[in-house]
Amino acid sequence: MPTLIDRLRKPSALFSSNWAGILWLLPGVTAVPALAGVTRVATDLTRYADEGFVTVTRTVRATWRRDLPVSLLAVVSLVMGLANLWAIINVASDVRVLVVGFLVPVMWAVLVFVGAYTAVAGTLSVDASRLEVLAAVAALMRAKPLACLTLPVIQVLVTPVVVFPPLTVAVGLSIPAWIIAEWLRLRPEPSPEDGPADA
């Protein structure tokens, strides 16, 4: 019969991977590998039950150069999106329609790409090259176009978990990462440095 400690292994992996993700998000240039590491843990809690924090850190250390262009795209898009939101609120109403009509499709496309890339990167081996990740993202978009195109809706729906402080520090990144991976029906691929999965 499982003990209390055994029952807490998986929740603690969600918690510890979440904290590692928060810490690795702060530099900005490691945003995508941090979220990919959290996705890696959240989608395979059996394998990473005892090493949530370490797995996110390993993922960041192994992939930050590979994922740097997408991390920069995500950071620049976030800054530009917030600046544009501020501009939309402050421009005249006749110009607002034009600005929104131009920005929404652009931001939608960026959210789809960054979300799909992050989820795929979190389920592939850390040894996968950038081209292999991009090929897997393209294959995912061909195989599941509707799921990919609706990613921004899912991202908006999980935003309360990310921004509500008690949830942010507990599972603000790990639960949304798991939800997005489930939405896309992605399953993790073990990395070479991972040991065998726990029974």
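Cut-offs used in this document
Residues numbered from 1 in each chain as written. Predicted model: local features only at pLDDT ≥ 70, side-chain atom pairs only at ≥ 80, totals over all residues. Heavy atoms only, no water. Helix = DSSP H or I, 4+ residues; strand = E, 2+ residues; numbered from the N terminus. Rg over C-alpha atoms; globule rule 2.2 N^0.38 Å. Buried < 20%, exposed > 50% of the residue type's maximum accessible area, 1.4 Å probe, protein only. Contact = heavy atoms within 4.5 Å. Lys, Arg positive; Asp, Glu negative; His and termini not counted. Charge placed at Lys NZ, Arg CZ, Asp CG, Glu CD. Axes fitted to C-alpha atoms, helices over the stretch in contact; angles between N-to-C directions. Left-handed = near helix turned anticlockwise from the far one by under 90°. Nonpolar A, V, L, I, M, F, W, Y, C, P; charged D, E, K, R; others polar. Core = buried A, V, L, I, M, F, W, Y, C linked by side-chain atoms within 4.5 Å. Salt bridge = Lys/Arg side-chain N within 4 Å of Asp/Glu carboxyl O. Expected span 1.5 Å × (residues − 1). Patch = residues over 30% accessible without salt bridge, like charges linked within 9 Å, V, L, I, M, F, W, Y side chains within 5 Å. Areas by Shrake-Rupley, 256 points an atom, 1.4 Å probe, with all protein chains shown as cover.

Draft legend 1. Structural view of the overall build of the chain. Helices and strands together make up the secondary structure of the chain, namely 11 helices and zero strands. By the compact-globule yardstick of 16 Å for 199 residues, the chain fits well, its C-alpha radius of gyration being 18 Å. For the chain, the C-alpha atoms occupy an extent of roughly 65 × 40 × 30 Å along the three principal directions. Among the 199 residues that make up the chain, the fraction classed as buried is 40%. Across the chain, every contact between residues at least 6 apart in sequence was considered, and the portion connecting residues at least 24 apart equals 76%. Of note, the chain has its 15 positive side-chain charges centred 4 Å away from the centre of its 13 negative side-chain charges.

Draft legend 2. The packing of helix α1 (residues 4-25) against helix α3 (residues 52-63), seen in detail. Look at α1 against α3: their axes get within 7 Å of each other, and the N-to-C directions meet at 35°. For the pair α1 and α3, the sense of crossing is right-handed. Along the contact surface, α1 presents Ala13, Ser16, Ser17, Trp19, Ala20, Gly21, Leu23 and Trp24, while α3 presents Gly52, Phe53, Val56, Thr57 and Val60. Along the lines of polarity and charge, the residues of the contact of α1 with α3 split into eight nonpolar, five polar and no charged.

Draft legend 3. Geometry of the nonpolar core. Counting residues in each nonpolar core, the largest one holds 23 residues, and the members touching the most others are Tyr117, Val120, Val133, Leu140 and Leu184. Among the secondary structure elements, those contributing two or more residues to this core are α2 (31-42), α5 (93-123), α6 (130-143), α7 (145-149) and α8 (151-157). Sort the elements by how many residues they give to this core and α5 lands first, with eight residues. Discounting residues that sit within four places of it in the chain, Leu184 has contacts with Ala119, Leu140, Lys144, Ala147, Cys148 and Leu151. Residues Ala13, Ala20, Val41 and Val56 belong to the second largest nonpolar core, which totals 14 residues.

Draft legend 4. The arrangement of the pattern of salt bridges in detail. Scanning the entire structure with this criterion turns up five salt bridges. For Arg9, the salt bridge is made with Asp50, and the minimal N-O distance between the two is 2.8 Å. Of the two residues, Arg9 sits in helix α1 while Asp50 sits in the loop between α2 and α3, which places them 41 residues apart along the sequence. Assessed through its relative accessible area of 60%, Asp50 is described here as exposed.

Draft legend 5. Structural detail: the packing of α5 against α6. For the pair α5 and α6, the least separation of the axes is 9 Å and the interaxial angle reads 115°. Remark: the crossing between α5 and α6 carries right-handed chirality. Packed against α5, whose contacting residues are Val112, Phe113, Ala116, Tyr117, Val120 and Ala121, the element α6 presents Arg130, Val133, Leu134, Ala136, Val137, Leu140 and Met141 at the interface. A class-by-class count of the residues in the contact of α5 with α6 yields 12 nonpolar, no polar and one charged.

Draft legend 6. Focus on the environment of Thr55. One can find Thr55 in helix α3. Excluding residues that lie within four positions of it along the chain, Thr55 makes contacts with Arg40, Val41 and Tyr48.

Draft legend 7. Representation of α3 within the structure. Here α3 is 12 residues long and its end C-alpha atoms lie 17 Å apart, about the 16 Å a rise of 1.5 Å per residue gives. Buried within α3 are the following residues: Gly52, Thr55, Val56, Thr57, Thr59, Val60 and Thr63. On its buried face, α3 sits against α1 and α2.

Draft legend 8. Just a nonpolar patch on the surface, in detail. Taken together, the side chains of Phe15, Trp19, Leu23, Leu26, Phe53, Val54 and Val169 define a hydrophobic patch exposed on the protein surface, amounting to about 630 Å² of accessible area. Within the secondary structure, Leu23 is located in helix α1.

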